Amino acid sequence: MSKVINIIGYKGEGKTYYVREVLLRHFENVLIYDLYNEYPEYRAVESDDEIIRYRKRRVLPHKVDFRKLISILSNDSFKHNLVILEDSDVYFDGYVHNQDIRNMMVATRHTNNTIVMLWHTIDDFLRPKVVFKNSDYVILFKTSELDERSVLKKISNRPQLI
């Protein structure tokens, strides 16, 4: 399965729980960009080359730069992984290299990687337009956007996502 999945929900609504209970059980090779150390049971990698060497691992942002991670995920030699990008709004905010992000997302078709990005609000998810345009699925938990109609209006031009 090579998909780009976005999980959107406010803090404490169950995004990480969903990842743990539903997604992680189905993949042998897992890479987690773990901003707040939410997956301590996974091996913390210390360098770029360790990202490819180990099967169940987490990357700590202070050890491997996000730009470097995007480059690795776009590489044809990085295959058959579930990639979890926790708190995507934090490190996608201000990241202006849309072509790099697009390459990472398109590469999933060739590498058989599944990328799961977790967001706190729909607005955060929609901000990097390249993410919205290249996504396969959106899983929506309760967000701070309270009006359901306004939420659906924001993503109405891609109804197949939900």
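Since the structure is predicted, the reported quantities are computational estimates derived from the model, not experimental observations.

Rules used throughout
Residues numbered from 1 in each chain as written. Predicted model: local features only at pLDDT ≥ 70, side-chain atom pairs only at ≥ 80, totals over all residues. Heavy atoms only, no water. Pairing = 2+ DSSP bridges. Helix = DSSP H or I, 4+ residues; strand = E, 2+ residues; numbered from the N terminus. Axes fitted to C-alpha atoms, helices over the stretch in contact; angles between N-to-C directions. Contact = heavy atoms within 4.5 Å. Salt bridge = Lys/Arg side-chain N within 4 Å of Asp/Glu carboxyl O. Buried < 20%, exposed > 50% of the residue type's maximum accessible area, 1.4 Å probe, protein only. Polar contact = N/O pair within 3.5 Å; in protein donor to acceptor, adjacent residues only side chain to side chain. Core = buried A, V, L, I, M, F, W, Y, C linked by side-chain atoms within 4.5 Å.

Caption draft 1: Quick look at the sheet that holds strand β3 (residues 43-45). Across the sheet, seven strands lie side by side as β3-β4-β2-β5-β6-β1-β7; this open sheet has parallel pairing. Of all strands in the sheet, those bounded by a partner on one side alone are β3 and β7 (137-140). Adjacent strand axes in the sheet meet at a mean angle of 20° when their direction is disregarded. Bridge count for β3 against strand β4 (residues 56-59) is three bridges, and the pairing is parallel. Bridging across to β4, Val45 finds its partner in Val59. Strand contacts of helix α5 (residues 98-111): β1 (4-8), β5 (82-85) and β6 (114-119), with the helix running at about 140° to β6, the strand carrying the most contacts.

Caption draft 2: Region of interest: the pattern of salt bridges. The full count for this structure, using the stated rule, is six salt bridges. Put simply, Glu21 and Arg25 hold a salt bridge, and the shortest N to O gap is 2.5 Å. Owing to a relative accessible area of 59%, Arg25 belongs among the exposed residues under this scheme. Note that Arg127 is salt-bridged to Asp124, the shortest N-O span being 3.2 Å. Judged by its relative accessible area of 48%, Arg127 is partly exposed.

Caption draft 3: Region of the structure containing the side chain of Ser135. Relative to the elements of secondary structure, Ser135 occurs in the loop between α7 (129-133) and β7. A polar atom in the side chain of Ser135 sits 2.6 Å from the side chain of Asn6. Within the structure, Ser135 has its side chain in polar contact with the backbone oxygen of Val131 (distance 2.6 Å).

Caption draft 4: Focus on the nonpolar core. If you look at the biggest cluster of nonpolar residues, it comprises 31 residues, and the most contacted ones within it are Ile51, Leu85, Phe92, Met117 and Val131. In this structure, Ile51 is in contact with Leu31, Val45, Arg57, Val59, Val64, Leu69, Ile72 and Phe78, ignoring residues within four places of it in sequence.

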